[in-house]
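The chain contents come next:
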Amino acid sequence: MEQARNTETDPAKETPVDENILGFGPGLKHAAGILFSSKTAVAGLFLVLFWVLTALLAPYITQYTPTEQDWKSPNQGPSMEHPLGTDELGRDLWSRLAYGARIVLVVLPVTENFWIPGGTALWGVFASLLIGAGLGLFSGYYGGWIDEIIMRLLDAMMSIPVILLYLIIVAAIGASAVNVVFAIAIVGTPGVARLVRSLTLDIRTRDYVRAAETRGESPIYIMFVEILPNAKGPIIIDAMLRVGYAIFAMGTLGFLGLGLPPPSPDWGSMVAKGREFIMSGSPWAALWPSLAIASLVVGLNLLADGLREELTRYQ
Amino acid sequence: MKKDDFKVHPAVLDLKSDMEKGKVTRREFIRYSSLLGLSAAAAASMAGFPWSGAAWSASVKRGGKLKIAAPVHKVTHPAQFSWIAPSNQLRQIAEYLTYTDGDNVTHPYLLENWTASDDLKTWTLNLRKGVKFNNGDSFTADDVVFTMNQWLDESVGSSMLGMIGDYIDQTGIEKVSDHQVKLHLKRAEIGIPEHLFHYPALVLNHRTFEGDFIKAPHGTGPYLLESYREGEQCVIKRRKDYWKTGADGKNLPYLDETVFIDMGTEMAPMIAAIQSGDIDIIDFSDISATEAYQALKDDKNVNVSPSTTNQTRVLRMRVDLKPWTDNRVRTALKLCQHREKILALAYFGQGVQGQDVHVSPKHPEYCPIDTPKYNPEKAKQLLKEAGYPNGVNVDLAVGSGWKEIVRYAEILKEDAAPAGFKINIKTMPNSQYWEKWTEVALGITTWAHRPIGTMVLNLGYTADEDGKPAAWNETRWVDKEFSELLSRANGTLDIDKRRKIFCKLEKIQQDRGSIGNAFWINVWTITRKRVQGVKAHPSLYLKLDDAWVNA
């Protein structure tokens, strides 16, 4: 985690801002070009796409529901009926893995019967982007005592170890998907804010910002229309890495018994439960979700890294 | 003591005739009559069993060292123990007045014997003579009175107070002579000998004990405390003048040394250590052994001996909160337990099925009762009658550290869905569950082993004098007929009559009670094959005075 945090601020340092890079609309083709010119990014993309497709198609590519218990065959290895084996309650591991990916990437279960599109990790990162970008823009654009107050408060938050902060938040407000989103948002905000602030400090000295100020545009307009779109390249790359950390965090919380409540197919809690049976010769229930978390996080990191490399090369 | 001082309690003779008529089994006869002060050997001979106390061969080996993985907690006052593990270390240095063995039979230990008055309100404890503390002091009645006063002293805060405090206070303890103590109770109580073996009940030296046992480790037990380092290890060494003799005619213990090593709470390193022979025993008294059982049950170098216990996991419903106020809803949820499946998956089939009654088949007064079948259709019907035709949404609180409880909850959620229960499992750390175990509407609570059926029913399903539910009555269920029958059972010695009352008690609890319980669990004493003489115990108490190692 420590290492991860150090790289968080890297995109800002290494990537001077360029309004054309990773821009949408006419820039989209350009972005795809960058993406496919990096082998790292392509490898990452495939890993991520695999899980995204699995998550989207989960109901069509699994034979069982993730909670269906076959109590006569618990802790089985891979077989024709169960391609990845079964867990301690005889539930199909492939189904649980696929539906687990859904929670991470595709749906946010608000209650048992109500969900909204967009995975738990994605919503968490989106929320931290929203708050963090707002705070960073204000801080960087106004400077002075506003900057001091916001940054010192965020520094205070950053001084608490990330895992501890997650534990405190989730233990305080209870374990549910929505609360995990809150936790990811709160923990992610300081990092995003610092990144956006540093970008803002740079961009606000540019001529087009001066021009807008001379035109008499409002500060809000300048922050959100002039500065933010020009900072989006590094922010997007940072966000991609952040989704990886969020998945990691979900896994950790689940592993510690603070993730989504059972019997939901939360990858972290699947590892925690499966762990009990490793010593007795059934490693499957712990192995697959561990691999799933690892491959998805690695995929996102490769993707972000590849993109960043290509971007810096084009400078 | 002269022979004729010893009076056989009249109930023993009743028991004997019951046994002869086949109303009580021999084992129950031994159990009950030993509670009433007959020595186990005498009881066994009355029951027609040869008593094989220390009869096993003189092939024991002396010397050697035993290594045990066990948490080494911070301890000061033994009466304040709230974990069994520290008692397993210090019970090798200090001892108890009685000893309840793995079959729930209670023997005198530091007592020579005991007698109870006919009304069970006056108990005479005769102390063993010639026992010395390891600092040379003689063990006398003063030590017993001092220790009991510590239990009953509110400023000590011993859990013994909750156990014995409602039938005795400090004025009720009378020193008759140097080797005799009389207890004058406020009400009849049959469980005293077993209460004297409760794990915080170590006998202290009244001359030297000043609140911290580690500073003055003076007990009557077989070992001396060599060193005690919290979180690291506890080393104990053989004592030369211990009062018990072994099978070879010399003083116990056989072992020279025993080391308790704190290996934390992770199971994998402990399993690996016992497999490789780095440790000989794992102390599972305060942690779940299911993972180790799974990993070690087929290991050729390890003995895994199970004990059936009266420990259970109770699905408890608070009868003062909706929807559990309605017995039909409670019955419906109970019917949703697929017991065979729950026992097989949640506890690997290692136990016996429960019957929604907090009396275990291993309790002496247990009256056989039908095991309800899984019946979601009937449950659905009952829910409909209770006014929930579209089902009902309920939250189920569980501590995520108890793996078998989480599995129990997950299976129940799945199997109760067809009946219309939508169960939301609310997991929390175990410590958080203990903060609100009596408060949640629906939860699964773990209940410890208790040797007598009345003990747990009195704790969990009664009200105090003002009609308020007792402190541990987590479901607030108070039933007039049940309470009356239970207080009759408390004062009934005759096992046959007692069981008749229990038949009614169990029926009431099954029909309109507040709990479901799907299984009673086994526990395991796990030792290397070379370890001899460590017997399985349902509370996983470790008795090491006559343990020895085969090279």
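Residues numbered from 1 in each chain as written. Chains lettered and ligands numbered in written order. Predicted model: local features only at pLDDT ≥ 70, side-chain atom pairs only at ≥ 80, totals over all residues.

J.: Can you break down the overall build of chain B residue by residue, with the values?
T.: The secondary structure content of chain B amounts to 17 helices and 19 strands. The buried share among the 551 residues of chain B stands at 51%. Excluding contacts between residues fewer than 6 apart, the proportion of contacts in chain B whose partners are at least 24 apart in sequence is 70%. (Helix = DSSP H or I, 4+ residues; strand = E, 2+ residues; numbered from the N terminus. Buried ≥ 20, exposed ≤ 12 C-beta atoms within 10 Å, placed from the backbone. Contact = placed C-beta atoms within 7 Å.)

J.: Could you give me a rundown of the sheet that holds strand S4 (residues 111-116) of chain B, with the residues and numbers involved?
T.: Residue and element names in this part refer to chain B. The sheet built from four strands is open, its strands ordered S4-S5-S7-S6 with antiparallel pairing. Taken across any chain shown, the strands that pair with only one partner, and hence form the sheet edges, are S4 and strand S6 (173-177). Geometrically, the sheet is characterised by an average inter-axis angle of 20° between neighbouring strands, direction not taken into account. Of the strand pairs in this sheet, strand S5 (residues 122-127) and strand S7 (residues 180-184) are connected by five bridges, and their pairing is antiparallel. Within S7, the position partnered with Asn126 by the bridge is Gln180. (Pairing = 2+ DSSP bridges. Axes fitted to C-alpha atoms, helices over the stretch in contact; angles between N-to-C directions.)

J.: Before we move on, could you go through the domain arrangement of chain A and cite the residues and values that matter?
T.: Residues and elements named next belong to chain A. In terms of domain boundaries, chain A breaks down into domain 1 (39-105 + 265-314) and domain 2 (130-264). Relative placement of domain 1 and domain 2: their C-alpha centres are 28 Å apart. Domain 1 puts 20 residues into the contact, and the matching count from domain 2 is 21 residues. At the level of secondary structure, the elements contributing two or more residues to the side of domain 1 that touches domain 2 comprise helix H5 (93-105), helix H13 (267-275) and helix H14 (284-314). For the side of domain 1 that touches domain 2, the element with the highest residue contribution is H14, accounting for ten residues. Here the residues of the side of domain 1 that touches domain 2 sort into 14 nonpolar, four polar and two charged. (Domains from an automatic or database assignment. Nonpolar A, V, L, I, M, F, W, Y, C, P; charged D, E, K, R; others polar.)

J.: Help me get a handle on the pairing of strand S15 (residues 421-428) of chain B, residues and values and all.
T.: Counting buried positions over the eight residues of S15(B) gives six, a clear majority of the element. Handedness of the strand S14 (residues 392-399) of chain B-helix H13 (residues 403-416) of chain B-S15(B) crossover: right-handed. (Right-handed = clockwise from strand over helix to strand, strands pointing away.)

J.: Report on helix H6 (residues 120-142) of chain A, specifying residues and quantitative values.
T.: All names here are of chain A. Over its 23 residues, H6 runs 33 Å from end to end, which matches the ideal 33 Å to within 8%, given 1.5 Å per residue. A large share of H6 lies buried, amounting to 17 of its 23 residues. Positioned one or two residues after H6, Gly143 has a phi angle of 65°, which is positive. (Expected span 1.5 Å × (residues − 1).)

J.: If you had to explain the interface of chain A and chain B to someone new, which residues and values would you point to?
T.: Contacts between the two partners involve 16 residues from chain A, matched on the other side by 22 residues from chain B. Taken together, the residues of the side of chain A that touches chain B sort by class into nine nonpolar, four polar and three charged.

J.: Give me the lowdown on the confidence of the model for chain B, citing residues and values where you can.
T.: Residues and elements named next belong to chain B. The pLDDT averaged across chain B works out to 87; a share of 89% of its residues lies at or above 70. When pLDDT is averaged over each element of chain B, S7 comes out on top at 96 and helix H3 (residues 40-46) at the bottom at 59. Ignoring residues within four places in sequence, the model shows residues 1-6, a span with pLDDT below 50, making three contacts including any to other chains. A low-confidence stretch, residues 50-55 (pLDDT under 50), is modelled with five contacts involving residues beyond four sequence positions or located in other chains. Complex prediction metrics read pTM 0.80 and ipTM 0.78. (pLDDT = per-residue confidence, 0-100.)

J.: Describe unusual backbone geometry, listing the residues and the values that go with them.
T.: That bond from Pro262(A) to Pro263(A) is cis: its omega, 5°, falls within 30 degrees of zero. Within the fold, Pro263(A) resides in the loop between helix H12 (232-255) and H13. Residue Arg476(B) is not a glycine yet carries a positive backbone phi of 65°. Note that Arg476(B) resides in the loop between helix H15 (453-460) and helix H16 (480-490).

J.: I'd like to hear about the confidence of the model for chain A, residue by residue, with values.
T.: Of all residues in chain A, 90% attain a pLDDT of 70 or more, and the chain-wide mean is 85. A low-confidence stretch, residues 1-24 of chain A (pLDDT under 50), is modelled with 41 contacts involving residues beyond four sequence positions or located in other chains.

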